[in-house]
Amino acid sequence: MTELTDLYEKTGIRKSVYEFGEEILCGLRERFDGIDRIAEYNQMKVTGAMQDSQVNENCLHYYASGYGYNDPGRDVLEDVYASVFHTESALVRPQITCGTHALSLALGAVLRPGDELLSPVGKPYDTLEEVIGIRPSHGSLAEYGITYSQVELLADGTFDYDGIAKAVSERTKMVTIQRSKGYLTRPSFSVGQIGELIAFVKKLKPDVICMVDNCYGEFVEEKEPSDVGADMTVGSLIKNAGGGLAPIGGYIAGRKDLIDLCGYRLTSPGLGKEVGASLGVMQSFYQGLFLAPSVVAGALKGAVFAAGIYEKLGYKVIPNSTESRHDIIQAVELGTPEGVVAFCRGIQAAAPVDAYVTPEPWAMPGYDSDVIMAAGAFVAGSSIELSADGPMKPPYAVYFQGGLTWHHAKHGILMSLEYMAREGIVDL
Ligand SMILES: *Cc1c(COP(=O)(O)O)cnc(C)c1O
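Residues numbered from 1 in each chain as written. Predicted model: local features only at pLDDT ≥ 70, side-chain atom pairs only at ≥ 80, totals over all residues. Heavy atoms only, no water.

A.B. asks: So, the site of the ligand: which residues are in play, and what are the values?
C.D. replies: As a matter of local geometry, the ligand sits amid Cys98, Gly99, Thr100, Leu103, Tyr125, Gln178, Asp213, Cys215, Tyr216, Ser236 and Lys239. Within the contact set of the ligand, an oxygen atom lies 2.7 Å away from a backbone nitrogen or oxygen of Gly99. Within the complex, 91% of the 370 Å² of free accessible area of the ligand lies under protein. (Near = heavy atom within 4 Å. Polar contact = N/O pair within 3.5 Å; in protein donor to acceptor, adjacent residues only side chain to side chain. Areas by Shrake-Rupley, 256 points an atom, 1.4 Å probe, with all protein chains shown as cover.)

A.B. asks: Could you give an account of unusual backbone geometry, with specific residues and numbers?
C.D. replies: Of note, the bond from Ile318 into Pro319 is cis; its omega dihedral lies within 30 degrees of zero at -5°. Looking at where Pro319 falls in the secondary structure, it is placed in the loop between strand E8 (316-318) and strand E9 (330-333). The step from Pro394 to Pro395 runs through a cis peptide bond, and the omega angle for that step is 5°. By the secondary structure assignment, Pro395 is in the loop between strand E11 (387-391) and strand E12 (397-401). A positive phi angle, close to 55°, is found at Gln54, a residue other than glycine. By the element assignment, Gln54 lies in the loop between helix H3 (29-52) and helix H4 (57-61). In this structure, Phe219 takes a positive phi of about 70° despite not being glycine. You can see Phe219 is positioned in the loop between strand E5 (209-213) and strand E6 (232-236). (Helix = DSSP H or I, 4+ residues; strand = E, 2+ residues; numbered from the N terminus.)

In structure tokens, the structure reads:
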């Protein structure tokens, strides 16, 4: 029989790289146990929600077309999401095309001309700059007379409470809090920290609406932002919550009046959540949500493993291999464009789909520098699947995430290291 190490060697991973990985893994067993315990908790939460909402076969297979009045799969799924997130209501739709769309929808649904949006956690995710109008763009909130203000984080990555108190004004209608670091090297926030921030803002102005960009955060902890006061919790189904199976979609979970507004914004005033056919994607939405806690656990193990490896090699990794995790993203500051390119090419080479293609940096819509992306995914662009992105600008950090299974994440990370070794960037 072929040995496991031979299988790795056959894919091009040299023995010294494999052995280095095994050495790092030895120190991570306790960490992995902790990740599994959270997955178990979240699995019970998701299964319980499906049982409480009486999910049945009709929900999975009812084929709604046309207007989509009375689509039982869609309506029950929204109940399930509301139950998982402990919210009054939820909007979970294939018509929400991605995370940016879900966030744009939530903002546009609530804000009116003359209102102000505040980000108390520094700059939001790149694609939101055009949604808000930080970078001028067609259809931005700015074009509708909605203003924006931002309070930077303090140098140590914590909230600037004094600055926030000064920034909240009469016109502050909504606050947006991004849980994950995105393409920044700041820390991601724990749900606990987000809860403190929301409590602080609500004390200043009780009627302010707090939205959390939960992309990459779902099921990483036992609690979600909606458990600590968020009025709207927003994310993408081609990240954590879709469990790798959802082929499209986004969700917003929150207060009923706000979710109704999102429905009116998504479809049309007057129609709201009543329309929107699910066109046969429901089984993947349910089954993906069901798998999501353990898929997220696999991705987290991969992230911790990558942190362990690159930290040991002397790179700055955010978070480091011992810190607690609040999202599935692992940033590694490789410091050079060559490092970013080699890392991404290694990830690509381990993919089940498109492993033979060579990623190159290019100008992606919504981003302000060239970006190199490695993704050989079953769902195009899905970043709960093993993927890596690197904006081609200092500090030349690569953002690594996903892996539908831990073993595949491990393979990808070893392959990134192999490519770094081949280019002479690391010495193994
Ligand atoms: C991915 C992401 C988004 C945008 O989601 P897309 O599906 O890529 O449009 C927004 N915010 C954060 C923090 C993200 O990670």
